[in-house]
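# A look at the structure
For reference, the chains in residue letters:
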Amino acid sequence: MKCLLLANESAEVLFYWTDTEFEQRVQEQYGVSQEEGERLPAFEDSINTLFAPIIISCSTMVDRLGDNYTSFSTENNHIYVLHQFEECLYIAVNGDGDETEEDLKRKIFVMKKLTEIMFGMVTFSGALLRKELRPQDTEQRNRLWKKLRSLLETYSRLRENDQSFLVEAVERLIHPTLCEQCIEFLERRLVQQINSNMDRMGEEVLHAFILVHTKLLAFYSSRNASNLYSSDLLALIILVQDLYPSKINLDETSEMAEDSLQTLEAPTPDPSAPSRVFLESKECPMPHSMYCLPLWPGITLVLLTKIPNSHVATSVCYFLEAFVKLEKRLCEGHEGAAAMRGQPSVQEQRSRLEKLIKTWAGMDIQVSGQQNFKNKAFSRSGSGFTRDLLPSCRNMKTQLCGVYRQFFAAECMGSSQRLAPHLQERALSMVQEKLMDWKDFLLVKSKRNITMEFPGLIHFIYVDRSNGQMIAPSLNVTDRTVSELGKGPLADFIKKKVWSLVATAQRYLQKGYATLTLRDGDYFYCYFLWFENETGYKLEVIDIPSSPDDGAPVGMLTCDYYRKLLRYYSKKHQNEVVKCYELFTVHLGVIPNEYILQHCSQLARKLWEPTRIPLL
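Residues numbered from 1 in each chain as written. Predicted model: local features only at pLDDT ≥ 70, side-chain atom pairs only at ≥ 80, totals over all residues. Heavy atoms only, no water.

Looking at an unreviewed UniProt entry, one finds the protein chain named HPS1 biogenesis of lysosomal organelles complex 3 subunit 1, with Cyprinus carpio as its source organism.

## Here we look at the overall build of the protein chain
A tally of regular secondary structure across the protein chain gives 17 helices and 16 strands. Each of the 616 residues in the protein chain was classed as buried or not, and the buried ones make up 53%. Carbon and sulfur atoms make up 49% of the accessible area of the protein chain, which amounts to about 28,600 Å² in all. (Helix = DSSP H or I, 4+ residues; strand = E, 2+ residues; numbered from the N terminus. Buried < 20%, exposed > 50% of the residue type's maximum accessible area, 1.4 Å probe, protein only. Areas by Shrake-Rupley, 256 points an atom, 1.4 Å probe, with all protein chains shown as cover.)

## What to know about the side chain of Asp232
With respect to the helices and strands, the residue Asp232 is situated in helix α8 (residues 230–243). A relative accessible area of 0% means that Asp232 is categorised as buried. Among the polar contacts listed, one links the side chain of Asp232 to the side chain of Lys113, at a separation of 2.7 Å. With near-sequence residues (within four places) excluded, Asp232 lies in contact with Lys113, Ile117, Leu279 and Glu280. (Polar contact = N/O pair within 3.5 Å; in protein donor to acceptor, adjacent residues only side chain to side chain. Contact = heavy atoms within 4.5 Å.)

## Remarks on the packing of helix α3 (residues 101–119) against helix α5 (residues 138–161)
It is at 11 Å that the axes of α3 and α5 come closest, and there the two elements cross at 130°. One way to sum up the angle between α3 and α5 is to call them oblique. In this structure, α3 meets α5 at a crossing whose hand is right-handed. Facing Arg106, Lys107, Val110, Met111, Leu114, Met118 and Phe119 of α3, the residues of α5 in contact are Leu144, Lys147, Leu148, Leu151, Leu152, Tyr155, Ser156 and Arg159. (Axes fitted to C-alpha atoms, helices over the stretch in contact; angles between N-to-C directions. Parallel < 35°, antiparallel > 145°, perpendicular 65-115°, else oblique. Left-handed = near helix turned anticlockwise from the far one by under 90°.)

## Looking at a negative patch on the surface
Taken together, the side chains of Glu9, Asp63, Glu86 and Glu87 define an acidic patch exposed on the protein surface. Mapping Glu86 onto the fold places it in the loop between β4 (79–85) and β5 (88–94). We classify Glu86 as exposed; its relative accessible area is 65%. (Patch = residues over 30% accessible without salt bridge, like charges linked within 9 Å, V, L, I, M, F, W, Y side chains within 5 Å. Salt bridge = Lys/Arg side-chain N within 4 Å of Asp/Glu carboxyl O. Lys, Arg positive; Asp, Glu negative; His and termini not counted. Charge placed at Lys NZ, Arg CZ, Asp CG, Glu CD.)

## Looking at unusual backbone geometry
Not every positive phi belongs to a glycine, and Ala11 is a case in point at roughly 65°. Structurally, Ala11 is set in the loop between β1 (2–8) and β2 (13–18). Given the relative accessible area of 17%, Ala11 is considered buried.

## Quick look at the sheet that holds strand β8 (residues 215–221)
Pairing between the strands of a sheet is mediated by backbone hydrogen bonds and can be parallel or antiparallel. Read across the sheet, five strands follow the order β8-β7-β11-β10-β9 without closing on themselves; strand pairing throughout is antiparallel. With one partner strand each, in any of the chains shown, β8 and β9 (275–279) form the two edges of the open sheet. Taken over all neighbouring pairs, the strand axes of this sheet differ in orientation by 30° on average, direction set aside. Bridge analysis of strand β7 (residues 204–212) against strand β11 (residues 299–306) gives eight bridges, and the strand direction is antiparallel. Directly across from Ile210, in β11, lies its bridge partner Leu301. Sheet contacts for helix α7 (residues 176–195): β7, β8 and β11; angle to β8, the most-contacted strand, approximately 45°. (Pairing = 2+ DSSP bridges.)

## Details of the pattern of salt bridges
Within the structure shown, the criterion is met by 25 salt bridges. A salt bridge links Asp98 to Lys2; the shortest N-O distance between them is 3.3 Å. Taken together, the positions of Asp98 in the loop between β5 and α3 and Lys2 in strand β1 put the pair 96 residues apart, joining distant regions of the chain. With relative accessibility at 57%, the residue Asp98 sits in the exposed group. By relative accessible area, which is 16% here, Lys2 ends up buried. By sharing partners, the salt bridges in this structure join Glu12, Glu44, Arg130, Arg134 and Arg141 into a single network.

## Digging into the environment of Met198
Mapping Met198 onto the fold places it in the loop between α7 and β7. For Met198, a relative accessible area of 76% translates into the label exposed. Placed 222 residues apart in sequence, Met198 and Ala420 show a C-alpha to C-alpha distance of 9.4 Å.

## Quick word on the pairing of β11
Burial analysis of β11 places seven of its eight residues in the buried class, the great majority of the element. Taken together, the eight bridges between strand β10 (residues 286–296) and β11 define a ladder with antiparallel strand orientation. Looking across to β11, one finds that Met290 is bridged to Leu304. Adjacent in sequence and paired antiparallel, β10 and β11 are bridged by two residues, among which Gly298 carries a positive phi angle near 95°.

Here it is in structure tokens:
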């Protein structure tokens, strides 16, 4: 009984996803026709009818009170979680008890992240986002919604089964020698050869990385590239897993016995066709082309390229930010020169904007509304920088987002705007040749990444929040799969304990607690968050600020809680680089407390060195 829905202020549904049980319940409630060709439109009408009162109620509360409710439960124990992002309302529902309020909130924030990855700065404008999510062509809309639903289901599967998505950090394959060799290969041979080839059609490879299932083997960024944040890398792994979903199974009769892997059957996409993705940077969401090239089942090469005209995004973002600041100051009651305080001079802004609009006009990109803004802001007969300028200011924001959409929307990608197929095939064969002797080992290694050496220690997860990477023993729970914890029911039982520990620790971290010890029957949980400098010296403990109840969940994929936490802590250590680490452990309850704490300390020291491998 699950549902997620996006709607605008006009109570129009922009996207929805439901599971089978929720769909059946709605059909029973509204008597949806089962006739061929009528079911889908009728079901969408029923979804509109079901949620319209909630959406209108939220809009009314925002208009009259400037506030909104964030969650409620119904008499039949259905939980509703709501969150307003600009002009879009996100609603997540659970009616089977499988998800908590925090789970639903996280799902909402992940959905927002996925729309940002797919549409970039277009998400800043409700009107333009509506055009993207509800194209007039029904077939195009169905394709888009199918893709979004698939991404959401892929995320849910990974969140439920993959430790890296449980703690929202990238898991690395631990093999220093091979990792370093692969990084060197990506830099000196693969990327260099592609970027020096004339058939790259103006594109330039900025990032290249190799995944073994969801684990990172090697990562390389060119000198011209901006940082690829862990939140974006996790989102890209969701996209890769959506294209090539895989899971680990055991086949006792195979040559590799317990270490064999089987890839889920899935329609094979065209590897030569790139996806348009928008990645975070200091300036703005920058457009990239993403090429997913499957080497073997479970092993994928990913290339992220800079596209022609990407510099336009920076210019658009510069003026968009200026209009956002101006709108904010006008809303706060500042007028005249005070409204432009903290920004370049009015004449400089005006001159740069006019020059840019002329450049765009030469590229058949029209920006309407700028003359109206100039007349009101700069002419003697205009109102100047007063609240009367707000409608024109908001219109210019929409126009700038529209320019961004015209340049970089996915539908603008022509068949000629991509790396030549033979160049992609060459990249594929080069990496296959490099890893041919390693592929079986890598598939096994992805399941047996690291082992435990402390008596009484059942499981641990170690996270370096400074670079968004984690290390943990495998947790495989199928009856035919063996892991460090055995197989079948035992591993599944421990998995539930680990998932519970992480949820509990994150709940307390939101309240400002950096340390947690908890006894649960025959088990003892520990959680620690601490800070170090670059040399590994542990820094002093501070009071961590608590998060508001309606804030983003703790994690890196949803809103990068830890990046904000590092900025907060670094204010007191401005002359040194601050690192942040987490350790989750599960011990047998019979182990004395002093030994448990000693294990945790020794484990953290032991795992400190491998994190220095320069993968990111």
